[in-house]
Amino acid sequence: MRKSARVVVIGGGIAGCSTLYHLTQEDWSDVMLLERNELTSGTTWHSAAQVTNFGMNQTMVGLKTHSINLYRELSEDPDYPINYHHADGGIRLANTEKQMDGYRHFTSMARGMDVHFEVIDAEECARRHPLISTDNLVGGLWDPLDGDIDPAQLCQALARRARKAGAEVHRNTPVTGLRQLPDDSWVVSTDKGDIHAGIVVNACGYRVNEVGAMMGVHHPVMSMEHQYFLTEEIPAIRDAGHRMPLLRCPISDYYCRQEKNGLLVGFYEQDCKTWGMDGIDPNFVNALCPDDLDRVTDVLEGAFARMPALMETGIHTVVNGPITYTIDGAPLVGPIPGKRNAFCIIGLRAGLGEGGGHGWLLAQQIVHGEACYDTWVTDPRRFTGHANVELTALKAIEDYQNEFRFHFPHEHRPAGRPAKTTPLTPVLAAEGAAFGTVNGWERMEFIKPDPDFHEDYGYHFNNVFDVVASEVATVQDRVGLTEVSGFNRFELTGADVDVFLDRIICGRVPRKAGRVGLGYLLNHQGMLKSEATIARLPDGRVWYGSAAAAEYHDMDWLQAHLRSDEDVQIRSLTNEHTILVLAGPRARDVMSAVSRADWSATAFPWLHVRECFIGIAPAVVMSVSFSGELAYEIHVPNNQLYAAWLALRRAGADHGMGLFGSRAVDSMRLEKGYLHWKAEILTEFDPFETGLGRFVDMAKTGFIGQDALHTRQADGPRKQLVTLHLESDDAPAQGGASVMQHGKVVGTVTSGDFGHRTGMNLAMAFVEPGLAVAGQRLEVDVVGVLVGCTVTAPGPYDPQNSRVRG
Ligand SMILES: Cc1cc2nc3c(=O)[nH]c(=O)nc-3n(C[C@H](O)[C@H](O)[C@H](O)COP(=O)(O)OP(=O)(O)OC[C@H]3O[C@@H](n4cnc5c(N)ncnc54)[C@H](O)[C@@H]3O)c2cc1C
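Quick summary incoming for the structure in this document. If you're wondering where the values come from, they're calculated on a predicted model, not measured in any experiment. (Residues numbered from 1 in each chain as written. Predicted model: local features only at pLDDT ≥ 70, side-chain atom pairs only at ≥ 80, totals over all residues. Heavy atoms only, no water.)

Brief notes about empty space enclosed by the protein
Taken as a whole and judged by the stated rule, the model has 2 cavities of 30 Å³ or more. Of the voids in this model, the largest cavity is the one considered here, and its volume is about 50 Å³. When residues of the lining of the largest cavity are traced back to their parent elements, those giving at least two are β32 (631–637) and α19 (802–805). Among the residues making up the lining of the largest cavity, the classes are represented as 7 nonpolar, 1 polar and 2 charged. Space inside the second largest cavity adds up to approximately 30 Å³. For the second largest cavity, the full set of lining residues is Phe-487, Arg-489, Thr-533, Trp-543, Tyr-544, Gly-545, Met-622, Glu-633 and His-635. Elements with a contribution of two residues or more to the lining of the second largest cavity: β27 (542–546) and β32. (1 Å grid on protein atoms, 1.4 Å probe; cavity = no way out; pocket = protein on both sides within 12 Å on 5 of 7 lines; lining within 4 Å. Points joined across faces, edges and corners; volume = space filled by probe spheres on them. Helix = DSSP H or I, 4+ residues; strand = E, 2+ residues; numbered from the N terminus. Nonpolar A, V, L, I, M, F, W, Y, C, P; charged D, E, K, R; others polar.)

What follows is the structure, given as structure tokens:
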């Protein structure tokens, strides 16, 4: 066994084997895998091992496509072919038109990844899967490439190829300790001795937190017991002449695939059970939990009703094993927050289908610092301080119970809420706020018109449309007040702050106290990493503000790029302060009523910051606007937030003030062409492609990503962000929807909404550069309907910015 390796991967299930193999594909051969028992002896060995192409976003679809292509190649290996039933096809059923709308949207989204789902009616479902009844069935989503694979053969094949490329695989070698050295490398302890590792990867399945504890980390991953059974032979299958497609049922939450000439049926019961919360028996190896089919009777009935043949068939085997879940159902694949040279590939609940792709994207992140797709949807840093064991358990249970029921747009499920609140949360609730969540924070979306109001979730404009229109009108005509909970803020101090900011931000950084500017952070490939509002306060303090979800992500990036000899201190204020936003033409009058400072446009113009009092509450106020109206962002310490709120509410009464929520903001920011991090600001595009060229200063030297950006600029854009005006008032274009021309996909929508001030149904999209011309006619596939649209100048509302200047 080597005494050192560039990377040590811990765990030999599909996650570890795929990571190891893909590292060797990146030409890193000084890598090793340590497995405490035999390969696949965790969850992988007993997996139902279905491999599907379905995902809710393009990253998931893309990585699953990689799995499918890789598995097919392995199955065709002339020396070591593995068993893979490729392209049996699969159906996700639906019994409501709303679910069908979701499938229409996912079909539009997947087409942009060259993946061709099909939305089919109930009769067609039954034609393709002859065992199912069409009772209470509207139709389904057809996924042509679905199949299943032999999990043990798959892992052995990946390990074999990795070994051939120079990697070492050590079975029966439990990792017993992890220690980080001052140079950020690791000592990995095993009962066979220590190994010095440049980088470690936690791929330990349900034992993730045993290994996490060795490095002082708790990962928000929880195991659930999960069961399937295998039936005796079913004559209709034997005689069908083709393999049965996979089946997934969101009506009763079961799945089903062919196994020999019978069926394998798995269940996601309501009466579900967490596993291993209080520790895992060290001898639980190649093991199963006790069968308990009584627990699944609720879903069993649904499966029997859909496939009556099941009632006449014997069950010969039941499998009940631990399966891992996270807080939002997606795994954690990428850098471990707060740690250097440590990665994880954990929380996989569909690891056989996804594992090939996750290992591929993780290896890219380890070797290049970034993957070919934006990986935020699986980034371990998307959950922050609130993601403890209790919250994870509640969300895991909720997710398990809704396994095949996707979230509708704007749907936020109730388990584990509220997790993060501000002192104003109960006040807003009393005002009638409807909340969503952002990184665990309760965030006001809109004010309900009456206490019993419930949003009718779906893909079309719904009963919130008029509510948002009225909040926008308040902001446009008079003045509105809202809270932005959890907005991420760091305070930077020290003698080298300017040097540091100049290096991490690609544009000009405000130098004078009292000024505010928007800055963009690039990665080493010259792609967009993050967006920050930089505010210069007196005494050399700088406030760095970014999206609520970016707290751990941005902190890691800043810390990682701080040089050891630089005098810069970074302190998080995120949990100490909350932002109130006052917006609208009368905002200045309200500010003048609550604060003794001079709020005239000359004394405090657009893009400035000052410290003052709001009533008796100390505040940092910035004249910045995400709505396109005259606006003030008021940062108040949480212990005086309510006092500031009351002062503003009272003063606002004289000026027709109303409340507005994040949905109104979303609508207004699209009309202004303002971007959202991880909707438009992605690691897949550079600032020029994203229309942010004015925020890049190529003349300044030494910012991160500059060399790569030079090359990219010379090569010209691959895609260009545009604003589209859709000719339909029926539905917004959702992120991921395909932009089409002459039947071909020419772009992808990043976000869409109705602009109430312009009366335009707007979307932003990355399209082929030749089409990024005002007036260009295109189409968007909006929930299955090709809607005509025109490229318009970005920010159609008040393009001169006269309103923000007030
Ligand atoms: C009943 C059931 C059905 C399923 N069906 C499907 C399906 O149809 N399709 C699908 O895609 N997914 C399915 N899954 C999920 C899938 O099986 C898992 O997502 C996947 O196997 C997880 O792989 P892993 O490598 O993350 O974890 P594991 O397979 O558990 O591997 C982790 C490895 O780490 C090792 N390890 C732990 N601690 C240490 C240590 N200290 N030192 C060294 N090694 C260590 C373990 O021994 C283990 O081998 C199913 C799961 C279950 C339970």
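Focus: unusual backbone geometry
Residue Arg-417 is joined to Pro-418 through a cis peptide bond whose omega torsion reads -5 degrees. Here Asp-253, not a glycine, exhibits a phi torsion of approximately 60 degrees, which is positive. Along the chain, the position of Asp-253 falls in the loop between β14 (246–249) and β15 (254–259). On the basis of relative accessibility, which here comes to 0%, the residue Asp-253 falls in the buried class. Although it is not a glycine, Asn-286 adopts a positive phi angle of roughly 50 degrees. Within the secondary structure layout, Asn-286 lies in the loop between β17 (274–275) and α8 (297–306). (Buried < 20%, exposed > 50% of the residue type's maximum accessible area, 1.4 Å probe, protein only.)

So, the sheet that holds β27
Pairing between the strands of a sheet comes from backbone hydrogen bonds, and it takes one of two forms, parallel or antiparallel. The sheet built from 5 strands is open, its strands ordered β25-β26-β27-β24-β28 with antiparallel pairing. Only two strands of the sheet have a single partner each, and these edge strands are β25 (516–522) and β28 (569–572). With strand direction ignored, the average angle separating the axes of adjacent strands in the sheet is 30 degrees. The pairing of β25 with strand β26 (residues 528–536) spans 7 bridges and is antiparallel. Among the inter-strand pairings, Leu-522 is bridged to a residue of β26, identified as Leu-528. On top of the sheet, helix α13 (residues 497–504) reaches β24 (488–493), β25, β26, β27 and β28; it is set at about 135 degrees to β24, its chief contact. (Pairing = 2+ DSSP bridges. Axes fitted to C-alpha atoms, helices over the stretch in contact; angles between N-to-C directions. Contact = heavy atoms within 4.5 Å.)

Topic: the nonpolar core
Among the nonpolar cores identified, the biggest contains 40 residues, and Val-7, Ile-149, Leu-154 and Ile-366 are the most heavily contacted of them. Of all the secondary-structure elements, those providing two or more residues to this core are β1 (4–10), α1 (14–25), β2 (31–34), α2 (58–75), α5 (151–164), β12 (193–202), β20 (342–346) and α9 (351–368). Those residues in contact with Ile-366 that lie beyond four places of it in its chain are Val-7, Leu-23, Trp-28, Ile-199, Val-201 and Phe-343. (Core = buried A, V, L, I, M, F, W, Y, C linked by side-chain atoms within 4.5 Å.)

Re the environment of Glu-168
Within the fold, Glu-168 resides in strand β9 (residues 168–170). Residues Glu-168 and Val-31, spaced 137 residues apart in sequence, show a C-alpha to C-alpha distance of 6.5 Å. Those residues in contact with Glu-168 that lie beyond four places of it in its chain are Met-1, Arg-2, Leu-20, Val-31, Met-32 and Leu-33. Polar contacts involving the side chain of Glu-168 include one to the side chain of Arg-2, which spans 3.1 Å. (Polar contact = N/O pair within 3.5 Å; in protein donor to acceptor, adjacent residues only side chain to side chain.)

With respect to the sheet that holds strand β3 (residues 50–51)
Spatial strand order, β3-β8-β4: 3 strands in an open sheet with antiparallel pairing. Each of the sheet's edge strands pairs with one partner strand only, and the pair in question is β3 and β4 (84–85). The pairing of β3 with strand β8 (residues 147–149) spans 2 bridges and is classified as antiparallel. Considered in β8, the bridge of Val-51 is made with Gly-147.

Notes on the site of the ligand
Every one of the 39 residues lining the ligand counts as a neighbour, but Glu-35, Thr-44, Gln-50, Leu-348 and Gly-353 are closest to it. A distance of 2.9 Å separates a nitrogen atom of the ligand from a polar atom in the backbone of Val-175. Bound to the protein, the ligand loses 96% of the 1,000 Å² it would expose on its own. Only α1, β13 (222–231), β18 (315–325) and α9 provide two or more residues apiece to the shell around the ligand. The class makeup of the residues in the shell around the ligand is 18 nonpolar, 17 polar and 4 charged. (Near = heavy atom within 4 Å. Areas by Shrake-Rupley, 256 points an atom, 1.4 Å probe, with all protein chains shown as cover.)

Thoughts on the layout of surface pockets
Estimates place the volume of the second largest pocket at around 940 Å³. Forming the walls of the second largest pocket are 47 residues, and the residues nearest its centre are Pro-335, Ile-336, Lys-339, Arg-381 and Asp-556.

Here's the deal with the packing of aromatic side chains
Throughout the structure, instances matching the rule amount to 28 aromatic pairs. Judged by centre distance (6.0 Å) and plane angle (85 degrees), the rings of Tyr-71 and Tyr-84 are edge-to-face. Highlighted residues: Tyr-71 in helix α2 and Tyr-84 in strand β4, separated in sequence by 13 residues. Accessibility assignment for this pair places Tyr-71 and Tyr-84 in one class, buried. (Phe/Tyr/Trp six-rings, centres within 6.5 Å; stacked < 30°, edge-to-face > 60°.)

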